[in-house]
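# Structural overview
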Amino acid sequence: MKVVNKTDFRENLKKWFDLVIDDLEEVIIKRKDNRDLVFISLDEYNSLKETCYLLSGKNREIIMKSLEEAKAGKIH
């Protein structure tokens, strides 16, 4: 994860965009008053959203039950 101030980020957009897309890097953009941002690729964002969905509600219960069954050797 890289950290950059907003001035450098703004002056070197292509560099930071390429780093995020090509190297799968996250970039923290430092701002005043601790109002920082994290810059990530759309693919990484979508992956995070999917993970949150899968680990919430009924999905989480099903996944956890399956893991318990697998650990107990009850795999079909």
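Residues numbered from 1 in each chain as written. Predicted model: local features only at pLDDT ≥ 70, side-chain atom pairs only at ≥ 80, totals over all residues. Heavy atoms only, no water.

Under the annotation held in an unreviewed UniProt entry, the protein carries the name Antitoxin and is attributed to Algoriphagus marincola HL-49. Under the Sequence similarities (unreviewed entry) heading, UniProt states for the protein: "Belongs to the phD/YefM antitoxin family." (UniProt positions renumbered as here; feature names shortened; annotations may be inferred.)

### So, the overall build of the protein
Summing up its helical and strand segments, the protein has four helices and three strands in all. Moving toward the C terminus, one meets the helices and strands of the protein in the order β-α-α-β-β-α-α. Against the globule reference of 11 Å for 76 residues, the protein gives a C-alpha radius of gyration of 19 Å, more extended than a compact globule. The principal-axis extent of the C-alpha atoms belonging to the protein is close to 55 × 30 × 15 Å. (Helix = DSSP H or I, 4+ residues; strand = E, 2+ residues; numbered from the N terminus. Rg over C-alpha atoms; globule rule 2.2 N^0.38 Å.)

### With respect to the domain arrangement of the protein
Domain assignment breaks the protein into domain 1 (1-40) and domain 2 (41-75). Using C-alpha coordinates to define each centre, domain 1 is positioned 30 Å away from domain 2. At the interface, five residues of domain 1 touch five residues of domain 2. Buried surface at the junction of domain 1 and domain 2, both sides included, amounts to about 360 Å², of which 56% is carbon and sulfur. Between domain 1 and domain 2 we count zero salt bridges in total. Taken together, domain 1 and domain 2 are joined by zero residue pairs in polar contact (both at pLDDT 80 or more). (Domains from an automatic or database assignment. Contact = heavy atoms within 4.5 Å. Buried area = accessible area lost by both parts, 1.4 Å probe. Salt bridge = Lys/Arg side-chain N within 4 Å of Asp/Glu carboxyl O. Polar contact = N/O pair within 3.5 Å; in protein donor to acceptor, adjacent residues only side chain to side chain.)

### Points about helix H4 (residues 57-71)
Between its first and last C-alpha atoms H4 spans 22 Å; for 15 residues at 1.5 Å apiece the expected length is 21 Å, and the two agree. Phi turns positive one or two residues past the end of H4, at Gly73, with a value near 80°. (Expected span 1.5 Å × (residues − 1).)

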